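Structural overview for review
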Amino acid sequence: MPGLIRIKPHHFVDIVTAFGAGRKHFEPHPHGHAVHTVAAMVAADPDVLLEMDFGADDICEPCAHNIGGFCDDTIDTSFRPDAPASKREWNLLIDGRWASRLGLEEGDRLTAREFCVRLRDTAGDITDIYREIPAEHTAARAANLAKGALALLEPKGRQ
Ligand code: SF4
């Protein structure tokens, strides 16, 4: 469907968080993933339709770490020793928590704006979602996420 973005919940959360930190443009990443193009679509139209996808979403699709639909990357566990080293396993953990918090299931469709309404109304204390990460690391993320969600909910979206 034209304009439909298949996206992991935490990938959308990360884009909104970056917006809240004042980031307006994303450069192409060396891994080749599509964060920059998806972020541009969201910034251009907060009413763009999202489909929740916990697997290889539209951001993963062109990524060098997307091997047959499975992420083969690893994460830095030096500051989160209780987290799984596999990025795929870590993502599934975080996406499951975000989905539970926001009342979402894989395959659900909602606009970026509607996702931001859920973030505004039900995100609450997100240190529990990132419980393997020291809370002080999550504080700035939480503030920027709230700011980014409110910015996308402005009548004309981000300017
Ligand atoms: S989750 Fe893995 S495959 Fe998807 S964009 Fe990130 S590194 Fe690439």
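Residues numbered from 1 in each chain as written. Predicted model: local features only at pLDDT ≥ 70, side-chain atom pairs only at ≥ 80, totals over all residues.

Attention shifts here to the site of the ligand. Every residue close to the ligand is listed here: H31, H33, I59, C60, C63, H65, N66, C71, D73, K87 and N91. Partitioned by chemical class, the residues of the shell around the ligand number four nonpolar, five polar and two charged. (Near = placed C-beta within 6 Å. Nonpolar A, V, L, I, M, F, W, Y, C, P; charged D, E, K, R; others polar.)

Remark: helix α1 (residues 9-20) packs on helix α3 (residues 87-102), axes separated minimally by 8 Å, with the N-to-C direction vectors making an angle of 80 degrees. Classed by the angle they form, the pair α1 and α3 counts as roughly perpendicular. Only N91, I94, D95, W98, A99 and L102 of α3 make contact with α1, whose side of the interface consists of P9, H10 and V13. Of the residues belonging to the contact of α1 with α3, the class tally is six nonpolar, two polar and one charged. (Axes fitted to C-alpha atoms, helices over the stretch in contact; angles between N-to-C directions. Helix = DSSP H or I, 4+ residues; strand = E, 2+ residues; numbered from the N terminus. Parallel < 35°, antiparallel > 145°, perpendicular 65-115°, else oblique. Contact = placed C-beta atoms within 7 Å.)

This part covers the packing of α1 against helix α5 (residues 135-152). One way to put it is that α1 packs onto α5 with a least axis distance of 6 Å and a crossing angle of 90 degrees. Looking at the two axes, α1 sits roughly perpendicular to α5. Residue-level inspection shows V13, V16, T17, F19 and G20 of α1 in contact with α5, the latter providing R141, N144, L145, A146, K147, G148, A149, A151 and L152. In terms of residue class, the contact of α1 with α5 is made up of eight nonpolar, four polar and two charged.

A few words on the environment of E114. Looking at the secondary structure, you find E114 in helix α4 (residues 112-122). Residue class for E114 comes out partly exposed when judged on the 15 C-beta atoms lying within 10 Å of it. Considering only alpha carbons, one finds E114 and D45, 69 residues apart in sequence, at a separation of 12 Å. (Buried ≥ 20, exposed ≤ 12 C-beta atoms within 10 Å, placed from the backbone.)

This part covers the sheet that holds strand β5 (residues 109-111). Strand order across the open sheet formed by three strands is β1-β2-β5, with mixed pairing between neighbours. With one partner strand each, in any of the chains shown, β1 (5-7) and β5 form the two edges of the open sheet. When the angles between neighbouring strand axes are averaged without regard to direction, this sheet yields 35 degrees. Of the strands in this sheet, β2 (49-52) and β5 are in contact with α4, which crosses β5 at around 90 degrees. (Pairing = 2+ DSSP bridges.)

Turning our attention to the nonpolar core. Across soluble globular proteins, nonpolar side chains have a tendency to be buried as a group. The biggest cluster of nonpolar side chains holds 29 residues, and the ones touching the most others in it are F12, I15, V16, V38, L50 and C116. Those elements that place two or more of their residues in this core are β1, α1, α2 (35-44), β2, α3, α4 and α5. Aside from chain neighbours lying at most four places away, what touches L50 is I5, I7, F12, R109, L110, T111, A112 and F115. (Core = buried A, V, L, I, M, F, W, Y, C linked by C-beta atoms within 7 Å.)

A few words now on α4. What α4 keeps buried is the set A112, F115, C116 and L119. The arc that holds the buried residues of α4, viewed along the axis, is 100 degrees, so those residues lie on one side. Away from its buried face, by an angle of more than 90 degrees, α4 presents the exposed residues D121 and T122. For α4, the elements touching its buried residues are α1, α2, β2, β5 and α5. (Arc of directions from axis to C-beta.)

This part is about the pairing of β2. Alternating residues of β2 divide into L50 and M52, all buried, and L49 and E51, none buried. In terms of strand pairing, β1 meets β2 through three bridges, oriented parallel. If you follow I7 over to β2, its bridge partner there is M52. Of the strand pairs in this sheet, β2 and β5 are connected by three bridges, and their pairing is antiparallel. Paired with L49 across the two strands is T111, which belongs to β5.

Turning to its location among the elements, V38 is positioned in helix α2. We classify V38 as buried; it has 23 C-beta atoms within 10 Å. When the C-alpha positions of V38 and I59 are compared, they lie 7.0 Å apart, and in sequence the two are 21 residues distant. Excluding its chain neighbours within four sequence positions, the residues that come into contact with V38 are I5, I7, I15, D58 and I59.

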